[in-house]
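Examining the three-dimensional arrangement
As a plain string of letters, each chain reads:
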Amino acid sequence: VQLQASGGGLVQAGGSLRLSCAASGRTFSSYAMGWFRQAPGKEREFVAAISWSGGSTYYADSVKGRFTISRDNAKNTVYLQMNSLKPEDTAVYYCAADDFGHRVVVTTMEYDYWGQGTQVTVSS
């Protein structure tokens, strides 16, 4: 599967953005999907994940209550709605796909496919 992330940009603190990740291929609905981010000089970190059906989701503590992950299998797309953004949310955001669609996992090594990343910058 090929993944294309979009929707990043520059926003003021307290604002919102919605990221999208469009997937190619006919088997998108079989993959669990995740969002990760990487700030300059830091390791890539888990943000959110969703199972193949959307029935299970999981969030990093740092974004819980502010971010929402969702998916539309008919459109082969996963979304990350980001509200109440903070300067510390500034990073390149990546979407990823996990072959084992029934689970939600948080480590980069569990994901099999990665998108190219989209920059999110939150100004104070």
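1. Section: the sheet that holds strand β1 (residues 3–6)
An order of β1-β3-β8-β7 is seen for the 4 strands of this open sheet, with the pairing classed as antiparallel. Because the sheet does not close on itself, it has two edges, and the strands there are β1 and β7 (67–72). When strand polarity is set aside, the average angle formed by the axes of neighbouring strands in this sheet is 15 degrees. As paired strands, β7 and strand β8 (residues 77–82) are joined by 6 bridges and run antiparallel to one another. Following the sheet pairing, aspartate 72 is matched in β8 by threonine 77.

2. A closer look at the pairing of strand β9 (residues 91–98)
Counting buried positions along β9 gives 7 out of 8 residues, so the element sits mostly inside the fold. Here 7 bridges tie strand β4 (residues 32–38) to β9, and the two strands are oriented antiparallel to one another. By the bridge assignment, alanine 32 is partnered in β9 with aspartate 98. Relative to strand β11 (residues 118–123), β9 is paired through 3 bridges, and the arrangement is antiparallel.

3. Some details on the side chain of arginine 66
Of note, arginine 66 is situated in the loop between β6 (57–59) and β7. Side chain to side chain, arginine 66 and aspartate 89 meet in a polar contact 2.7 Å long. Discounting residues that sit within four places of it in the chain, arginine 66 has contacts with Gln81, Met82, Asn83, Ser84, Leu85, Lys86 and Asp89.

4. As for the side chain of aspartate 98
Within the secondary structure, aspartate 98 is located in strand β9. Using a relative accessible area of 0% as the deciding quantity, one classes aspartate 98 as buried. There is a polar contact of 2.7 Å between the side chain of aspartate 98 and the side chain of arginine 103. Ignoring anything within four residues of it in the chain, the contact list for aspartate 98 reads Tyr31, Ala32, Arg103, Val105, Glu110, Tyr111 and Asp112.

So, how was this worked out
Residues numbered from 1 in each chain as written. Predicted model: local features only at pLDDT ≥ 70, side-chain atom pairs only at ≥ 80, totals over all residues. Heavy atoms only, no water. Pairing = 2+ DSSP bridges. Helix = DSSP H or I, 4+ residues; strand = E, 2+ residues; numbered from the N terminus. Axes fitted to C-alpha atoms, helices over the stretch in contact; angles between N-to-C directions. Buried < 20%, exposed > 50% of the residue type's maximum accessible area, 1.4 Å probe, protein only. Polar contact = N/O pair within 3.5 Å; in protein donor to acceptor, adjacent residues only side chain to side chain. Contact = heavy atoms within 4.5 Å.

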